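One letter stands for each residue in the lines below.
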Protein chains: 4
Amino acid sequence: MPDKRAKQNWKETLYEIIFEAETFWGKTFDVVLLIAILLSVLVVTLESVESIRNDFGMHLYIIEWIFTIFFTIEYIIRIIIVRRSWRYIRSFFGIVDLLSIIPTYLSIFITGAQSLLIVRSIRLLRVFRVLKMVRFLGEASQLTTALKASRAKITVFIGGVFAMTVIMGTLMYMIEGAENGFTSIPRSIYWAVVTLTTVGYGDIAPQTALGQGLATFIMILGYGIIAVPTGIVTAEMTQNRMITKPTAKNCPNCNRHGHDEEARFCKFCGEKL
Amino acid sequence: MPDKRAKQNWKETLYEIIFEAETFWGKTFDVVLLIAILLSVLVVTLESVESIRNDFGMHLYIIEWIFTIFFTIEYIIRIIIVRRSWRYIRSFFGIVDLLSIIPTYLSIFITGAQSLLIVRSIRLLRVFRVLKMVRFLGEASQLTTALKASRAKITVFIGGVFAMTVIMGTLMYMIEGAENGFTSIPRSIYWAVVTLTTVGYGDIAPQTALGQGLATFIMILGYGIIAVPTGIVTAEMTQNRMITKPTAKNCPNCNRHGHDEEARFCKFCGEKL
Amino acid sequence: MPDKRAKQNWKETLYEIIFEAETFWGKTFDVVLLIAILLSVLVVTLESVESIRNDFGMHLYIIEWIFTIFFTIEYIIRIIIVRRSWRYIRSFFGIVDLLSIIPTYLSIFITGAQSLLIVRSIRLLRVFRVLKMVRFLGEASQLTTALKASRAKITVFIGGVFAMTVIMGTLMYMIEGAENGFTSIPRSIYWAVVTLTTVGYGDIAPQTALGQGLATFIMILGYGIIAVPTGIVTAEMTQNRMITKPTAKNCPNCNRHGHDEEARFCKFCGEKL
Amino acid sequence: MPDKRAKQNWKETLYEIIFEAETFWGKTFDVVLLIAILLSVLVVTLESVESIRNDFGMHLYIIEWIFTIFFTIEYIIRIIIVRRSWRYIRSFFGIVDLLSIIPTYLSIFITGAQSLLIVRSIRLLRVFRVLKMVRFLGEASQLTTALKASRAKITVFIGGVFAMTVIMGTLMYMIEGAENGFTSIPRSIYWAVVTLTTVGYGDIAPQTALGQGLATFIMILGYGIIAVPTGIVTAEMTQNRMITKPTAKNCPNCNRHGHDEEARFCKFCGEKL
């Protein structure tokens, strides 16, 4: 009985360290894991550079195996510890955790399978988890709230931008034609997006006077409508702040509100809050 | 008589489905239509890619005819059902609806007429209609209100940007000249717009030290003045929210709305809310 | 005596038409002048295109002379009518008005002098004057107020951006060197501005790994700090609105303010405003 | 004794001139120094241009020595005058001040050491000090406060952008491959940053249909998420203004500030304002 409880406690402690991040060890584990992910991504990244692969290929190969074994152990512990193992395995991060160790093992049988290790970079998304902890969810959730609240408006906006780029792209395909690089409508739509978002690679660029005129129009449009998503998010954030901050306290004497967080006396009648 | 009413009802029901979007079937029809438009645009788009046209030309041709017939039937029903047929035919969407079916029929007699089918992509603007429905007009109209309210300021802004690009373009034409790609003033104005909007294709780029100096100035200008439209729209939106939020309360006396959250008396007639 | 007064009146009327824009004729004159300027700029612009000059050179030459004579008459009338002629002649617009007619006359003696006519495009700045009238100064002055109020902050910002581009440009000159297109420090600074403002021509682009790393840093920096001028202008505009709009009216009964422009009754106590 | 005090005073006056900027002479010294730094940076900059070096090399060399001697004297005076010399020498600006004079002396023994003079451009950061003075710290500190307050949110944002570019870059490396310019993962990440920040050099650009599709997605993403930092900073600034504006009033009892315009009683101690 006491043995079982001890085991339970040991399991719970490990659970707190690996899955939660409020305690010191929990946070430490998350940070160490994040650094390990960063380093392993760096190794995969460097391995793709030919000159480095030629010189340090063997070293990188060994480091890769060390990380893979570490991540495998982590994955197995996660499955053992978590209450609903199956739910974790099928969750987004569960699948990513599995996919980020498989390629190394596969590479024993199949050459080239290692390049699939890049899946590991998706684990970098854990950065959000660690950052979240640091600031106790506040900042990140404020961002999320603002984005969620303006989801509908952003959908309308992206829908409109999409319709616009299709129409503009098709028009440019008609005007410029294949001889000026606008070889097909999808490619012209790609150009329209490149232009509207002010990226402007220059791999495809209008050559005719009419095409350049239309391009001018699209550019000014793109330059102007960037104000729309910015306006949406900013308005949402500004309001968020105003609501979440000072309206909470009311004066017990004159009952007026609008007091600052730090206020200890009513600014209208001087009554203690 | 009952027969006539039944016919009337049948006509009205169809009208509601096709022209309105508040009911379930009305919304369903709009969504189906939008998907059909999207697919038909996709077909026209894919047909412009040479390799796809060579392999699947026949399939695409058949699908195109199916969509054309579907849209033709839809167009005819719209004319029959609507009360003022002539007004619909002359309306913007009426003309677009007609233009998006004609090219296929023309292609029987004239080869190449099919490429005019891209007109169909304009029908994608219906996306706004469907999206509008989903959120009950609120979000989209808030955007429109903000844009309308800042129309005057945006006109001043675009006028100023236009004058600036003409002057900058002409200066660059003088400084760089035809040998560096600035072959004419319109082309130089095109370059000025490309630069000011931070698109920066790089198909034309200043080569002389003086030209690069002026370009530097234009870029920093463009980088800075993007704040202006953003500021305009954002300020409008932030205020909008503050005004439009509390529309829930209506005055029991004069029935007008637009009262602030804190208001206890109607601001129009003085009645207690 | 009456003759003199009549002359005075005639002069005053003309003054109102040409220099002011509040009356109907004053506004009409400004609009006609603006269209004339636009057309004359268009003519100069088109003349710079070689193919058009070859085909319609003679026509453009004649139209140019017509505009020049019209602008000459306008300039002379302005000098006669205005009270302090010398002050007008030395003013910014006075000099521009003169410079925009001289080149045509010079072209009789000196070939090529016509290209100086582009000075005329500066007259396009009059567009601000006409636009201002249309909206009765309100919108434009709101923009100006916002920009003026944030002048100090914008100076700090531009100073910082300048120092940053010099440092970044010099670093890149050290890292990449002449063989990768960074032939001198000024050219590298030019590249830094092109990158920081997110224009990105691509005529100069880092080739070494270290250079691309630094470029990555500059790009993210530029992407982030664009938020600063936008934030400055927006905050100024949002506040402007809040101050200039509803605080004017106070309730005569309870003396509280914050009423909307349209409010006719106090929203707190119901008293007539 | 009086001699010592006089010496003390002389030292203090010099200290005020060189290290502080509130007095007339202190500000004048800072402005003169800034101009000297600007000119000396200009000289180093021009020397890097080959054609100028060939023609005016000797002149630039002499001017460089004059500036170096001036800065050396300034550096020595700073060490003598400041109370804690060692602290100044080890401070950031102390090291920069030293590094910006050493290269010229080194160039006597080692050819090419002059190019290290570019370190001097870091001294341009003093521009902030002078600007700060002009506006009495207000504006610049408002900017700093806004940036500091939103530091956590900006970290989350940059972390997210970083994770995104790594994932996108790796995906593009898989899709496009070395034959289309995506020769390694780091290079692909560099491309992803170039695209997401809307810089778009065009030195690397997707060639395959799938790659262009993903690029389209990244561009629209980058175009949209620029709203996030802008929203963060703007919301912070808008609120800042509302809080920091009314600092004029101080409580006569507890002497604390930060009261709102409308406040009639101190919010900290309840004393009447």
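Please read these numbers as outputs of a predicted model, since none were measured by experiment.

Points about the nonpolar core
Right, on to step 1. One finds Trp191 of chain A, Trp191 of chain B, Trp191 of chain C together with Trp191 of chain D to be the most contacted residues of the largest nonpolar core, which totals 112 residues.
Right, on to step 2. Ignoring sequence-local partners within four residues, the contact set of Trp191 of chain D consists of Tyr201 of chain A together with Met172, Phe182, Ile204, Ala205, Pro206, Ala215 and Ile218 of chain D.

Here we look at a nonpolar patch on the surface
All names here are of chain A.
Right, on to step 1. On the surface, Ile69, Ile73, Ile95, Leu98, Leu99, Ile102, Tyr105, Leu106, Ile108, Phe109 and Ile110 cluster together into a nonpolar patch covering about 970 Å² of accessible area.
Right, on to step 2. Among the structural elements, Leu99 can be located in helix α5 (residues 92-99).
Right, on to step 3. You can call Leu99 partly exposed: its relative accessible area is 40%.

Some thoughts on a positive patch on the surface
Right, on to step 1. Residues Lys11, Arg83, Arg84, Arg87 and Arg90 of chain B make up a contiguous surface patch of positive charge.
Right, on to step 2. Secondary-structure assignment places Arg84 of chain B in the loop between α3 (50-81) and α4 (85-90).

Describing helix α10 (residues 185-196) of chain C
Residue and element names in this part refer to chain C.
Right, on to step 1. Relative to the 16 Å expected for 12 residues at 1.5 Å per residue, α10 spans 16 Å between its end C-alpha atoms, a close match to the ideal helical length.
Right, on to step 2. Burial of α10 is extensive: 10 of the 12 residues sit out of reach of the surface.
Right, on to step 3. Among the residues making up α10, those that are buried are Ile185, Ser188, Ile189, Tyr190, Trp191, Ala192, Val193, Val194, Thr195 and Leu196.
Right, on to step 4. After α10 finishes, the residue Thr198 shows a positive phi value of roughly 60 degrees.

Observations concerning the packing of helix α10 (residues 185-196) of chain D against helix α11 (residues 209-225) of chain D
Residues and elements named next belong to chain D.
Right, on to step 1. Where α10 meets α11, the closest approach of the two axes is 8 Å, and the angle between their N-to-C directions is 50 degrees. Taken together, the axis directions place α10 and α11 in an arrangement best described as oblique. Touching Trp191, Thr195 and Leu196 of α10 are Ala215, Ile218, Met219, Leu221, Gly222 and Ile225, all from α11.
Right, on to step 2. Of the residues belonging to the contact of α10 with α11, the class tally is seven nonpolar, two polar and no charged.

Describing the environment of Ile66 of chain D
All names here are of chain D.
Right, on to step 1. Examined against the element boundaries, Ile66 turns out to sit in helix α3 (residues 50-81).
Right, on to step 2. By relative accessible area, Ile66 is classed as exposed at 52%.
Right, on to step 3. As for Ile66 and Leu221, which are separated by 155 residues in sequence, their C-alpha atoms are 52 Å apart.

A few points about the pattern of salt bridges
Pairing is possible between side chains of opposite charge, provided their charged atoms come close.
Right, on to step 1. As enumerated under the stated definition, the model contains five salt bridges over all chains in all.
Right, on to step 2. The partner of Glu74 of chain A in a salt bridge is Arg78 of chain A, with the nearest N and O atoms 2.6 Å apart. With Glu74 of chain A and Arg78 of chain A both in helix α3 (residues 50-81) and four residues apart, this pair spans about one turn of that helix. Take Glu74 of chain A and Arg78 of chain A: they sit in the same class, and that class is buried.
Right, on to step 3. When salt bridges that share partners are traced, they join Glu74, Arg78 and Asp97 of chain C into one network.

A few points about the packing of aromatic side chains
Right, on to step 1. Inspection of the entire model under this criterion finds 24 aromatic pairs over all chains.
Right, on to step 2. Ring centres of Tyr75 of chain B and Tyr88 of chain B lie 6.1 Å apart, and the angle between their planes is 45 degrees; this geometry places the pair in the tilted category. With Tyr75 of chain B in helix α3 and Tyr88 of chain B in helix α4, this pair connects stretches of sequence that are 13 residues apart.
Right, on to step 3. Between the aromatic rings of Trp65 of chain D and Tyr105 of chain D, the centroid separation amounts to 5.5 Å while the plane-to-plane angle is 80 degrees, which identifies the pairing as edge-to-face. Placement of the pair is Trp65 of chain D in helix α3 and Tyr105 of chain D in helix α6 (residues 102-109), with a sequence separation of 40 residues.
Right, on to step 4. Given a relative accessible area of 18%, Trp65 of chain D falls into the buried group.
Right, on to step 5. Exposure remark for Tyr105 of chain D: the relative accessible area of 30% places this residue in the partly exposed category.

Criteria and cut-off values
- Residues numbered from 1 in each chain as written.
- Chains lettered and ligands numbered in written order.
- Predicted model: local features only at pLDDT ≥ 70, side-chain atom pairs only at ≥ 80, totals over all residues.
- Heavy atoms only, no water.
- Core = buried A, V, L, I, M, F, W, Y, C linked by side-chain atoms within 4.5 Å.
- Buried < 20%, exposed > 50% of the residue type's maximum accessible area, 1.4 Å probe, protein only.
- Contact = heavy atoms within 4.5 Å.
- Patch = residues over 30% accessible without salt bridge, like charges linked within 9 Å, V, L, I, M, F, W, Y side chains within 5 Å.
- Areas by Shrake-Rupley, 256 points an atom, 1.4 Å probe, with all protein chains shown as cover.
- Salt bridge = Lys/Arg side-chain N within 4 Å of Asp/Glu carboxyl O.
- Helix = DSSP H or I, 4+ residues; strand = E, 2+ residues; numbered from the N terminus.
- Lys, Arg positive; Asp, Glu negative; His and termini not counted.
- Charge placed at Lys NZ, Arg CZ, Asp CG, Glu CD.
- Expected span 1.5 Å × (residues − 1).
- Axes fitted to C-alpha atoms, helices over the stretch in contact; angles between N-to-C directions.
- Parallel < 35°, antiparallel > 145°, perpendicular 65-115°, else oblique.
- Nonpolar A, V, L, I, M, F, W, Y, C, P; charged D, E, K, R; others polar.
- Phe/Tyr/Trp six-rings, centres within 6.5 Å; stacked < 30°, edge-to-face > 60°.

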